[in-house]
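A structural walkthrough
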Amino acid sequence: MNAIHVDKLTKHFNTKVLDDVSFDVQSGELLALIGPSGSGKSTLMRHLSGLVTANKGSDSNISILGNSIQSSGKLAKDVRATRVKVGCVFQQFNLVNRLTVLTNVLIGALGTIPAWRGYLGFFTQEEKVRALDALDRVGLREHAHKKAAHLSGGQQQRVAIARVLMQEADVILADEPIASLDPRSARVVMDMLEKINKADGKTVIVTLHQVDVARKYCPRIVALREGKVFFNGAREQLTDEVMFSLYEEDAKEMLNHESPELSPMVETLAAAG
Ligand SMILES: Nc1ncnc2c1ncn2[C@@H]1O[C@H](COP(=O)(O)OP(=O)(O)OP(=O)(O)O)[C@@H](O)[C@H]1O
Ligand SMILES: [Mg+2]
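Residues numbered from 1 in each chain as written. Chains lettered and ligands numbered in written order. Predicted model: local features only at pLDDT ≥ 70, side-chain atom pairs only at ≥ 80, totals over all residues. Heavy atoms only, no water.

As a further point, take the site of ligand 1. Taken together, Phe13, Val17, Pro36, Ser37, Gly38, Ser39, Gly40, Lys41, Ser42, Thr43, Glu176 and His209 make up all the residues around ligand 1. In the environment of ligand 1, an oxygen atom lies 3.2 Å from a nitrogen or oxygen atom belonging to the backbone of serine 39. In the environment of ligand 1, an oxygen atom lies 2.7 Å from a nitrogen or oxygen atom belonging to the side chain of lysine 41. Looking at the shell around ligand 1 element by element, the count peaks at 3 residues for helix H1 (residues 41-48). Taken together, the residues that form the shell around ligand 1 break down as 3 nonpolar, 7 polar and 2 charged. (Near = heavy atom within 4 Å. Polar contact = N/O pair within 3.5 Å; in protein donor to acceptor, adjacent residues only side chain to side chain. Helix = DSSP H or I, 4+ residues; strand = E, 2+ residues; numbered from the N terminus. Nonpolar A, V, L, I, M, F, W, Y, C, P; charged D, E, K, R; others polar.)

As structure tokens, then:
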């Protein structure tokens, strides 16, 4: 089943930021969206969640789980109902620092409970149990009553993942979820996203700077360059050589290999390019 459908997405701010972008994501896929800084990854993710609309009057269409998010630059009327099924994870975690970890996870339920309960911060016992279970899954149950601000960056990102689990989102959009983390925390967070994808069958799009990480975790990769889709295919096809032909100088930064034995190859390719 098709989980995400993007067709002819075009967005201009002062310049063209997304240019005729089309791709589909099947239900249960774990897809990496890569590209150099400024290539339009975050803008694309914001269009998927309906936070930004495409150019008015363009042929742009986005649907998620068969429901329209936006069409020709206009949000769909029932976009709220679809948004509940789309969970977002951000580079800066977006937790409420002064609230407890548990409350931050409970916030994931706000889209599906009556508004008055949200305003009063009134959650049922069942919701609290589910939030604790979500914290259990990310290994942070014992931190439930700490303030979010008192956790490390890696732990805060795991709370953000627990919040998405609480939301029971079917689609997870993670924009640079590991860009602010040390390598070990980054691995833990990517392992968790992979596990949620595999065990729960959630559809996940993750934007990444590191091509290594994209190739390690994501069977399919979409690469943007200057707002256009430059590559859409299996990770095996995105070789270092293809990376260099697509990204030229930017590839050097993106092929930030963890393994030192690969660096000479990168240098050779860079010199050749
Ligand atoms: N609201 C806006 N108004 C004007 N320009 C914008 C706006 N949002 C994004 N842009 C421009 O769109 C381009 C793409 O930005 P975007 O943040 O999507 O890139 P990115 O691929 O996510 O980059 P990074 O890897 O640095 O996160 C940039 O040139 C940016 O300045
Ligand atoms: Mg970005």
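Here we take up the packing of aromatic side chains. Summed over all chains, the structure comprises 1 aromatic pair. A cation over an aromatic ring shows up here: arginine 225 above the ring of phenylalanine 230, its NZ or CZ 5.5 Å from the ring centre. (Phe/Tyr/Trp six-rings, centres within 6.5 Å; stacked < 30°, edge-to-face > 60°. Lys NZ or Arg CZ within 6 Å of the ring centre and 35° of its normal.)

Attention shifts here to the sheet that holds strand E7 (residues 86-90). With mixed pairing, the 6 strands of this open sheet are ordered in space as E7-E8-E9-E3-E10-E11. Of all the strands in the sheet, the pair left with one neighbour each is E7 and strand E11 (228-234). Averaged over all neighbouring strand pairs, the angle between strand axes comes to 15°, with direction disregarded. Pairing geometry for strand E3 (residues 30-34) and strand E9 (residues 203-208), over 5 bridges, is parallel. Following the sheet pairing, alanine 32 is matched in E9 by valine 206. (Pairing = 2+ DSSP bridges. Axes fitted to C-alpha atoms, helices over the stretch in contact; angles between N-to-C directions.)

What follows deals with the packing of helix H5 (residues 125-137) against helix H6 (residues 153-167). Angle between the axes and distance between the axes are the two parameters that describe a pair of packed helices. At a minimum axis distance of 9 Å, the contact between H5 and H6 shows a crossing angle of 135°. Judged by the inter-axis angle, H5 sits oblique to H6. In this structure, H5 meets H6 at a crossing whose hand is right-handed. Contacts between H5 and H6 involve Glu127, Arg130, Ala131, Ala134, Leu135 and Arg137 from the first element and Ala162, Leu165 and Met166 from the second. For the contact of H5 with H6, the class distribution of residues is 6 nonpolar, no polar and 3 charged. (Parallel < 35°, antiparallel > 145°, perpendicular 65-115°, else oblique. Left-handed = near helix turned anticlockwise from the far one by under 90°. Contact = heavy atoms within 4.5 Å.)

Taking strand neighbours across the sheet as the criterion, the 5 strands line up as E2-E1-E4-E5-E6 in an open arrangement whose pairing is antiparallel. The sheet is open, and its two borders are formed by strand E2 (16-26) and strand E6 (74-75), each paired with just one other strand. Bridge count for strand E1 (residues 2-12) against strand E4 (residues 61-64) is 4 bridges, and the pairing is antiparallel. Residue pairing in the sheet places aspartate 7 in a bridge with asparagine 61 of E4. Across the face of the sheet, H1 comes into contact with E1, E2, E4 and strand E5 (67-71) while running at roughly 60° to E2.

What follows covers H5. Between the first and last C-alpha of H5 there are 18 Å, a value that for 13 residues agrees with the 18 Å anticipated at 1.5 Å per step. What H5 keeps buried is the set Glu127, Ala131, Ala134 and Leu135. The buried residues of H5 all sit within an arc of 100° when viewed along its axis, so they share a single face. Phi turns positive one or two residues past the end of H5, at glycine 139, with a value near 75°. (Expected span 1.5 Å × (residues − 1). Buried < 20%, exposed > 50% of the residue type's maximum accessible area, 1.4 Å probe, protein only. Arc of directions from axis to C-beta.)

Turning our eyes to something else, we now look at the side chain of asparagine 55. Positionally, asparagine 55 belongs in the loop between H1 and E4. Engagement of the side chain of asparagine 55 in a polar contact is seen with the backbone nitrogen of histidine 12, the distance being 2.9 Å. The residues contacting asparagine 55, other than those within four sequence positions of it, are Thr10, Lys11, His12, Ser72 and Gly73.

The next point concerns the pairing of E11. By the bridge criterion, 6 bridges tie strand E10 (residues 220-225) to E11 in an arrangement that is antiparallel. The partner of valine 222 across the bridge, within E11, is asparagine 232. Where E10 folds back on E11, the antiparallel hairpin that results is connected by 2 residues, among which glutamate 226 adopts a positive phi of roughly 45°.

Here the chain is partitioned into domain 1 (1-85 + 170-238) and domain 2 (95-168). Placing a centre on the C-alpha atoms of domain 1 and another on those of domain 2 gives a separation of 24 Å. At the junction of the two partners, domain 1 supplies 16 residues and domain 2 supplies 13 residues. Of the roughly 1,100 Å² buried where domain 1 meets domain 2, counting both sides, 65% is carbon and sulfur surface. Looking at the side of domain 1 facing domain 2, the largest losses of area belong to Val84, Met192 and Ile196, adding up to 40% of the total buried there. With a closest N to O distance of 2.8 Å, aspartate 200 and arginine 137 form a salt bridge. Taken together, domain 1 and domain 2 are joined by 3 residue pairs in polar contact (both at pLDDT 80 or more). Sorting elements by how many residues they give to the side of domain 1 that touches domain 2 places helix H7 (residues 183-200) first, with 8 residues. (Domains from an automatic or database assignment. Buried area = accessible area lost by both parts, 1.4 Å probe. Salt bridge = Lys/Arg side-chain N within 4 Å of Asp/Glu carboxyl O.)

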